[in-house]
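In case you want the letters, here they are:
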Amino acid sequence: GLGIGASTALFSVVNAWLLKPLPFADPERLVVVWETIPSAGIFENTPAPASLAAWEDQAASFDGLAAWSLTTTNLTGSGNPARLSGVLASAELLPVLGVRLAAGRAFDARDVVAGSDDVALLSHELWQSRFGGSPAVIGQRLTLDGRSTEIVGVLPPDLPLLGFEYDVWKPLVIDRTNENRILWVFGRLRQGVTLAHATDEVAAIGTSRPGNGMPARVVPL
């Protein structure tokens, strides 16, 4: 039973990321940007917000860079309480991936600054199972982690990040001075830019950054 369960779980990831086409626009131009520690044999280290800020300011290889991280959130005040899987996403994530929402709007610059109003996106599955797929959910307020939060959009079905779907997305407020390596970073290469060129560029930016800068590499999503 355990063997079958493990095999099924592994196949679900392989199927989502290797066999089925990625549900994103022009997926061949999508990449993951990793920081690296070659001396320790580490070549896939999640980047720091400060590293992302440096790449955004200096790199010319990308049409866009986006960041996200994992979280959990508690839903109360709308049916039975529930602990939900969650994503903190930068405003650039859906545009970089080329994803259109099923309903409502995506995050924008007003949502990802400290002190902004609490907003969230629902997964398509949660929208169907908890809210009956009603379009009236847009603008509705829910209590997430004890805070009144406006639902501004619904994600399309079958939208995996690293092979999994998450219930609720909330805005990621990025501290550009933070050196903690806590982010997944996706990018969309400019037309004609190679992986090797993009890697050389982000590696040079990383190693020249004062403080805790380190080399980086770019791999296909």
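Draft legend 1. Region of interest: the overall build of the protein. What the protein contains, in helices and strands, is 5 helices and 11 strands. Against the 2.2 N^0.38 benchmark of 17 Å for 221 residues, the protein shows a C-alpha radius of gyration of 18 Å, consistent with a compact globule. With the C-alpha coordinates aligned to their principal axes, the bounding extent of the protein is approximately 50 × 45 × 35 Å. Once local pairs closer than 6 in sequence are excluded, the contacts in the protein between residues at least 24 apart make up 72%. Looking at the protein as shown, the accessible area adds up to about 10900 Å², and 56% of this sits on carbon and sulfur atoms.

Draft legend 2. The arrangement of empty space enclosed by the protein in detail. What the rule picks out here adds up to 2 cavities of 30 Å³ or more. Roughly 50 Å³ of internal volume is contained in the largest cavity. Together, S123, H124, L155, P156, L159, L161, F164, E165, Y166 and W169 line the largest cavity. Class assignment of the residues belonging to the lining of the largest cavity gives a composition of 7 nonpolar, 2 polar and 1 charged. Taken together, A89, S90, A91, L93, L94, P95, A106, F107, L121 and W169 make up the lining of the second largest cavity. Here the lining of the second largest cavity gets 3 residues from one element, more than from any other, and that element is helix α3 (residues 93–97).

Draft legend 3. Broad picture of the confidence of the model for the protein. Here the protein averages 90 in pLDDT, while 90% of its residues score no lower than 70. Helix α1 (residues 2–19) is the least confidently modelled element of the protein, averaging 56 in pLDDT, while strand β10 (residues 184–189) averages 98, the highest of any element.

Draft legend 4. Highlighting the pattern of salt bridges. One pass over the structure, following the stated rule, counts 14 salt bridges. The closest approach of N and O atoms between R105 and D111, which form a salt bridge, is 2.8 Å. By relative accessible area, R105 is classed as partly exposed at 25%. Of the residues examined, D111 reaches a relative accessible area of 5% and is grouped as buried. One salt bridge in this structure joins R110 and D108, with 2.7 Å as the shortest N-O distance. On the basis of relative accessible area, R110 is assigned to the exposed category, the value being 52%. Residue D108 is classed as partly exposed on the basis of its relative accessible area, which comes to 25%. By sharing partners, the salt bridges in this structure join D26, R29, D63 and R190 into a single network.

Draft legend 5. Representation of the pairing of strand β2 (residues 42–45) in the model. Note that strand β1 (residues 30–37) and β2 share 2 bridges and pair antiparallel. Looking at β2, one finds that I37 is bridged to I42. Counting the residues in the hairpin turn of β1 and β2 gives 4 residues, including G41, whose phi is positive at 70 degrees.

Draft legend 6. Just helix α5 (residues 195–208), in detail. Counted at 1.5 Å a residue, the expected span for α5 with its 14 residues is 20 Å, and the 20 Å between its end C-alpha atoms agrees. All of the buried residues along α5 are A198, T199, E201, V202, A203, I205 and G206. As for α5, its buried residues are in contact with β1, α2 (49–58), β3 (62–76), β10 and β11 (216–220).

Draft legend 7. Representation of the packing of aromatic side chains in the model. Tallied over the full model, the rule gives 3 aromatic pairs. Three or more aromatic residues link up through ring pairs in this structure, and these residues are W34, W68, W184 and F186.

Draft legend 8. Highlighting the pairing of strand β4 (residues 82–89). Pairing between β3 and β4: 8 bridges, direction antiparallel. Looking at the pairing, T72 lines up with S85 of β4. Of the pairings in the sheet, the one linking β4 to strand β9 (residues 168–171) comprises 4 bridges and is parallel in character. Within β9, the position partnered with G86 by the bridge is V168.

Calculation rules
Residues numbered from 1 in each chain as written. Predicted model: local features only at pLDDT ≥ 70, side-chain atom pairs only at ≥ 80, totals over all residues. Heavy atoms only, no water. Helix = DSSP H or I, 4+ residues; strand = E, 2+ residues; numbered from the N terminus. Rg over C-alpha atoms; globule rule 2.2 N^0.38 Å. Contact = heavy atoms within 4.5 Å. Areas by Shrake-Rupley, 256 points an atom, 1.4 Å probe, with all protein chains shown as cover. 1 Å grid on protein atoms, 1.4 Å probe; cavity = no way out; pocket = protein on both sides within 12 Å on 5 of 7 lines; lining within 4 Å. Points joined across faces, edges and corners; volume = space filled by probe spheres on them. Nonpolar A, V, L, I, M, F, W, Y, C, P; charged D, E, K, R; others polar. pLDDT = per-residue confidence, 0-100. Salt bridge = Lys/Arg side-chain N within 4 Å of Asp/Glu carboxyl O. Buried < 20%, exposed > 50% of the residue type's maximum accessible area, 1.4 Å probe, protein only. Pairing = 2+ DSSP bridges. Expected span 1.5 Å × (residues − 1). Phe/Tyr/Trp six-rings, centres within 6.5 Å; stacked < 30°, edge-to-face > 60°.

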